[in-house]
Amino acid sequence: MDLKSIHEIFTNRILRIPSYQRGYSWANNKKVKPDSSEPLKNVKGQLKDLWDDLLNISNGGWHYTGLLTLVEVKDKDYNWLPNYKQFAIVDGQQRITSILILLSVIIKEAKKQNITLGIREGDVEIQYLYINKGVNAYIFGYDKDNPSDKFFRKHILNLDEVEDDSEESIYTENLLKAKKFFKAMVALYLKDNSHTIELLFAKVTTQLKLNEYVLPEELDEYVVFETMNNRGKPLSQLEKLKNRLLYLNDKFELGNDTSQEEILIHAAKKEQLSESINKAWITIYKSLGQNKNHPLDDEDFIKNHWIVYFNKYSRDEANVYANFLFDQYFTLQKVYDKKLTIEKVEEYIKSLQTCSVWWNQLHNPQYFEKENNPIKQTILGIHQVGLKASFKPILLAILVRKDRNDFKNAIKALEKYSFKLFDLSNKRGNTGDSKIYSLAHQVYVNNKNAIDTKADITLYTSWYYRFHLFVNQSYEMFELGNNSGFYKWSGRFYLLYMYDQYLRKQNRTSSQGSAILWQDFIKNDSIEHIYPQSATVSIEEYANKKEKSVEEVRSAYEKNQNDWSNFSSYTPLERKKLANSLGNLLAISQSDNSSLQNDKFLFKVDQSNKGDGYKNRGYKYDSMSAMLVANNTEWSPEKVLKRGLDILQFMCSYIGEDFNALDEITKLKVLGLEFMYKAEVVENKVIEEQPNNELA
């Protein structure tokens with residue numbers, strides 16, 4: 001093991017990051033703010049640490065930067081460079097990649113200043129970046145089949161690549177972020193007149209030192225890689241799996257007494273499997289990282305694929321999927337025992353590759369192809385009710401099937417399963433997951449068709465759902481905790497959104513102006529209290545919330561109470577129940593209508609009643625639900641009750657409950673309004689909200 005500088009490490013060498021390595025993952029927790037007085041305030045991470053280490057090296061000193069493990073590669077990329085040896089980086093690639101990104105920034109800045117860093121112009125490019133003899137030899141890079149290779153050369157080193165066909169992923173995004181960080185750091189460094197680009201270059205190339213260890217031939221680089229990478233930032237299970245499969249592929253051997261033809265065919269199969277593994281991982285990383293703002297988790301994907309593919313789910317053991325993959329299935333012993341074959345590995349990785357594409361679309365429906373729009377719409381329904389963890393395997397199993405569009409009703413049954421179990425019955429999130437997981441495998445291996453799948457989901461629903469649990473939950477929402485009623489209920493967005501969709505259909509409305517966009521609805525929390533919460537409290541509580549004295553708020557408080565005088569006969573607690581009851585919550589399509597919350601009802605209906613500056617705002621111009629509320633000339637407790645009963649009747653119809661079988665007191669208890677029950681009421685017929693002629 002030798003302690004070497006960066007200059008020595010890159011002397012007469014070609015360095016490659018092999019295909020079994022993870023992508024580039026070093027990063028900081030936040031961006032640098034170069035124009036700020038404290039550009040690095042609260043910035044933490046591996047890049048920041050490396051930069052700090054560099055700056056803190058004393059004159060004439062050096063800094064130990066870590067271990068670099070290499071293995072010599074006999075099959076070189078450039079045989080026309082006889083004096084160069086080629087090495088694969090087994091350990092230390094994150095550090096070396098970061099240093100080379102920094103060097104590329106320094107070299108570019110030196111050129112900008114017309115400064116020659118080497119003895120002759122171009123020396124440093126030959127040492128660290130590339131050699132050009134009519135064709136380029138790249139000093140540092142990834143294996144050719146790695147999706148980061150071309151990206152690194154073009155976007156990080158700014159070298160050739162006339163046509164940019166490089167693949168982007170979360171790892172290429174990390175490369176770009178690292179380059180931006182070092183550009184900002186170099187610029188800040190050079191603001192000090194005592195600093196020069198030559199001094200910085202010398203620090204990097206001569207004062208950063210690594211312990212270099214070249215593996216002897218008898219050591220297996222795959223095993224060394226897996227062992228050594230248990231240190232530092234741990235590899236994900238997906239990264240480990242790629243290395244394990246490449247390692248096992250290297251161990252597939254024929255028995256004795258095989259012909260030359262069999263030997264050649266076997267070698268071709270191994271080469272094909274190696275290519276398949278690398279290509280599969282290109283697709284997987286591209287799929288998982290396609291949405292750069294929300295890259296998908298490696299572990300989550302591989303675990304769900306394992307559930308679908310192997311049907312080995314168990315709650316009895318932590319990390320059971322990784323233990324199965326590495327300790328039971330993809331093992332060297334199974335290769336030696338001929339229980340794991342090239343064909344089985346090929347089948348597995350093809351499944352993993354295909355599933356990664358659908359996994360991405362499941363989480364990001366915007367990536368569905370047009371021909372898959374029917375299934376996309378049903379997936380959107382699942383997103384609206386909540387994409388539960390237990391649903392992901394069965395949805396993945398459905399999506400990979402060619403007859404996926406036949407499963408629309410099964411997915412809709414799953415949507416109702418979610419609403420009835422988790423929102424109405426308030427069941428734990430893992431209720432029934434083992435049944436759903438087992439069904440996912442059966443769907444994946446074609447043992448269940450669409451009709452069977454829907455029937456099974458409907459059966460599971462009947463096992464766990466009971467309407468009386470919703471009645472009990474309603475009581476608790478109004479009587480326990482902060483008495484927030486339906487306003488904090490988990491199913492409020494879904495039910496109010498579905499009710500608005502129902503009203504649009506009933507009133508044959510297709511206008512996009514009044515349509516509620518689900519993502520905006522959730523993001524902006526666009527649920528309006530018709531009767532405002534501010535009108536439900538006592539004057540003391542009102543003053544406390546305003547952080548003023550009672551006398552200071554008395555005038556505003558009394559005005560608010562007068563605006564909502566229909567509710568004045570009820571106690572503050574009863575008024576709070578009315579405000580948070582289902583009939584008083586309104587799904588709106590325009591987020592700026594949140595400004596209506598403390599207005600009186602006349603102004604909520606139409607802001608133009610305030611004056612000319614408020615035209616085309618208010619319930620009259622909003623969602624179908626809001627427009628129907630706008631038909632009322634006033635808002636009262638009786639209106640809250642009636643609208644609540646309308647929504648409850650819709651919900652019962654949607655989930656398959658008999659609304660008319662519920663007695664009146666139960667209906668009012670569900671709505672939190674049992675105090676409005678009148679024993680003398682003989683019959684209360686619920687009439688659906690209908691628009692006036694202007695809205696029809």
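Fair warning: this is a prediction, and the values are worked out from it, not measured in the lab. (Residues numbered from 1 in each chain as written. Predicted model: local features only at pLDDT ≥ 70, side-chain atom pairs only at ≥ 80, totals over all residues. Heavy atoms only, no water.)

Q: Tell me about the overall build of the chain, residues and numbers included.
A: Helix and strand counts for the chain come out as 29 helices and 10 strands. Principal-axis analysis of the C-alpha atoms gives the chain an extent of 100 × 75 × 45 Å. Counting only residues that meet the buried cut, the chain has 52% of its 696 residues in that class. Considering only contacts in the chain between residues 6 or more positions apart, those separated by 24 or more positions represent 72%. As presented, the chain carries roughly 33700 Å² of accessible surface, and 46% of it is formed by carbon and sulfur atoms. (Helix = DSSP H or I, 4+ residues; strand = E, 2+ residues; numbered from the N terminus. Buried < 20%, exposed > 50% of the residue type's maximum accessible area, 1.4 Å probe, protein only. Contact = heavy atoms within 4.5 Å. Areas by Shrake-Rupley, 256 points an atom, 1.4 Å probe, with all protein chains shown as cover.)

Q: Describe the confidence of the model for the chain, naming the residues involved and giving the relevant values.
A: Averaged over all residues, the pLDDT of the chain equals 87, while 92% of them reach at least 70. Here helix H8 (residues 221-228) stands out as the least confident element of the chain, with mean pLDDT 63; helix H16 (residues 392-399) is the most confident, with 97. Under a pLDDT of 50 for its full length, residues 679-696 has, in the predicted model, 28 contacts with residues more than four places off or in other chains. (pLDDT = per-residue confidence, 0-100.)

Q: Explain a nonpolar patch on the surface residue by residue, including any values.
A: A surface patch of nonpolar side chains, amounting to about 320 Å² of accessible area, comprises Leu 3, Trp 62 and Tyr 64. Considering the arrangement of structural elements, one finds Trp 62 in the loop between helix H2 (46-55) and strand E3 (63-72). (Patch = residues over 30% accessible without salt bridge, like charges linked within 9 Å, V, L, I, M, F, W, Y side chains within 5 Å. Salt bridge = Lys/Arg side-chain N within 4 Å of Asp/Glu carboxyl O.)

Q: Please provide a residue-by-residue account of unusual backbone geometry, values included.
A: Positioned with a positive phi, Asn 42 is a non-glycine residue whose angle comes to about 65°. Locating Asn 42 in the fold gives a position in the loop between strand E2 (13-17) and H2. The phi dihedral of Lys 338 is positive, around 65°, even though this residue is not glycine. With respect to the helices and strands, Lys 338 occurs in the loop between helix H13 (332-336) and helix H14 (342-363). Judged by relative accessible area, which is 52%, Lys 338 ranks as exposed.

Q: Before we move on, could you go through the pairing of E2 and cite the residues and values that matter?
A: Within E2, five of the five residues are buried, which leaves it mostly tucked inside the rest of the structure. Burial along E2 is two-sided: the face carrying Arg 13, Leu 15 and Ile 17 and the face carrying Ile 14 and Arg 16 are both buried. With four bridges joining them, E2 and strand E4 (residues 85-91) adopt parallel strand pairing. For Leu 15, the partnering residue across the bridge sits in E4 and is Phe 87. Taken together, the three bridges between E2 and strand E7 (residues 140-142) define a ladder with parallel strand orientation. Within the sheet, the bridge partner assigned to Arg 16 lies in E7 and is Gly 141. (Pairing = 2+ DSSP bridges.)

Q: Explain the pattern of salt bridges to me, and be specific about the residues and the numbers.
A: Enumeration over the complete set of coordinates arrives at 22 salt bridges. Residues Glu 541 and Lys 545 are paired through a salt bridge, measuring 3.8 Å at the closest nitrogen-oxygen approach. Residue Glu 541 and its partner Lys 545 are both found in helix H23 (residues 539-546); the two are separated by four residues, about one turn of the helix. Connected through shared salt-bridge partners, Lys 4, Arg 13 and Glu 212 make up one network.

Q: Requested: an account of the nonpolar core, with residues and values cited.
A: Counting 138 residues, the largest nonpolar core has Trp 281, Leu 325, Phe 330, Tyr 348 and Phe 419 as the members making the most contacts within it. Among the elements that make up this core, the one with the highest residue count is helix H28 (residues 637-655) (10 residues). In this structure, Phe 419 is in contact with Val 385, Leu 424, Trp 489, Gly 491, Tyr 494, Leu 495, Met 651, Tyr 654 and Ile 655, ignoring residues within four places of it in sequence. Judged by nonpolar contacts, the second largest core, of 60 residues, contains Trp 26, Trp 51, Leu 159 and Ala 178. (Core = buried A, V, L, I, M, F, W, Y, C linked by side-chain atoms within 4.5 Å.)

Q: Quick one: what's the story with the side chain of Lys 334, residue by residue and with numbers?
A: Counting through the fold element by element, Lys 334 comes out in helix H13. Buried charge without a partner: Lys 334 forms no salt bridge, and the closest opposite charge is Asp 337, 8.7 Å away. Excluding its chain neighbours within four sequence positions, the residues that come into contact with Lys 334 are Gln 328, Tyr 329, Lys 339 and Leu 340. (Lys, Arg positive; Asp, Glu negative; His and termini not counted.)

Q: Any chance you could break down helix H12 (residues 320-329) for me, citing the residues and the numbers?
A: Every α-helical turn comprises 3.6 residues, leaving residues that sit three or four positions apart pointing alike. Among the 10 residues of H12, seven are classified as buried, and the element is accordingly described as predominantly covered. Inspection of H12 places Val 320, Tyr 321, Ala 322, Phe 324, Leu 325, Phe 326 and Tyr 329 among the buried residues, and these make up the whole buried set. Those residues of H12 hidden inside the fold are in contact with helix H9 (237-251), helix H11 (298-310), H13 and H14.

Q: Before we move on, could you go through the environment of Asp 606 and cite the residues and values that matter?
A: Summarising the element assignment, Asp 606 is placed in the loop between helix H26 (601-605) and helix H27 (624-629). On the basis of relative accessibility, which here comes to 7%, the residue Asp 606 falls in the buried class. The sequence separation of Asp 606 and Gly 618 amounts to 12 residues, and the corresponding C-alpha distance is 4.6 Å. Aside from chain neighbours lying at most four places away, what touches Asp 606 is Arg 617, Lys 620 and Tyr 621.

Q: Please provide a residue-by-residue account of the sheet that holds strand E8 (residues 208-214), values included.
A: Read across the open sheet, the six strands follow the order E1-E8-E3-E4-E2-E7; overall the sheet is mixed. Edge positions in the sheet fall to strand E1 (2-5) and E7, since each has one partner strand and no second. Adjacent strand axes in the sheet meet at a mean angle of 40° when their direction is disregarded. (Axes fitted to C-alpha atoms, helices over the stretch in contact; angles between N-to-C directions.)

Q: How would you explain the packing of aromatic side chains if you had to name every residue and give the values?
A: One pass over the full model with this rule turns up 52 aromatic pairs. When the centroid spacing of 4.9 Å and the interplanar angle of 75° are considered together, the rings of Tyr 309 and Phe 310 count as edge-to-face. In this structure Phe 310 comes out as buried when scored by relative accessible area, which is 11%. Relative to Tyr 348, the ring of Tyr 309 has its centre 5.3 Å away and its plane inclined at 85°; by these criteria the two rings are edge-to-face. Of this pair, Tyr 309 sits in helix H11 while Tyr 348 sits in helix H14, and the two are 39 residues apart along the sequence. Among the aromatic residues, those joined into a cluster by ring pairs are Phe 419, Phe 467, Phe 470, Phe 478, Phe 486, Trp 489, Tyr 494, Tyr 499, Tyr 502, Phe 650 and Tyr 654. In this arrangement the basic side chain of Lys 209 is found over the ring face of Trp 62, its NZ or CZ atom lying 5.7 Å from the centre. In this structure, Lys 600 packs its charged tip against the face of Phe 603, placed 4.9 Å from the ring centre. (Phe/Tyr/Trp six-rings, centres within 6.5 Å; stacked < 30°, edge-to-face > 60°. Lys NZ or Arg CZ within 6 Å of the ring centre and 35° of its normal.)

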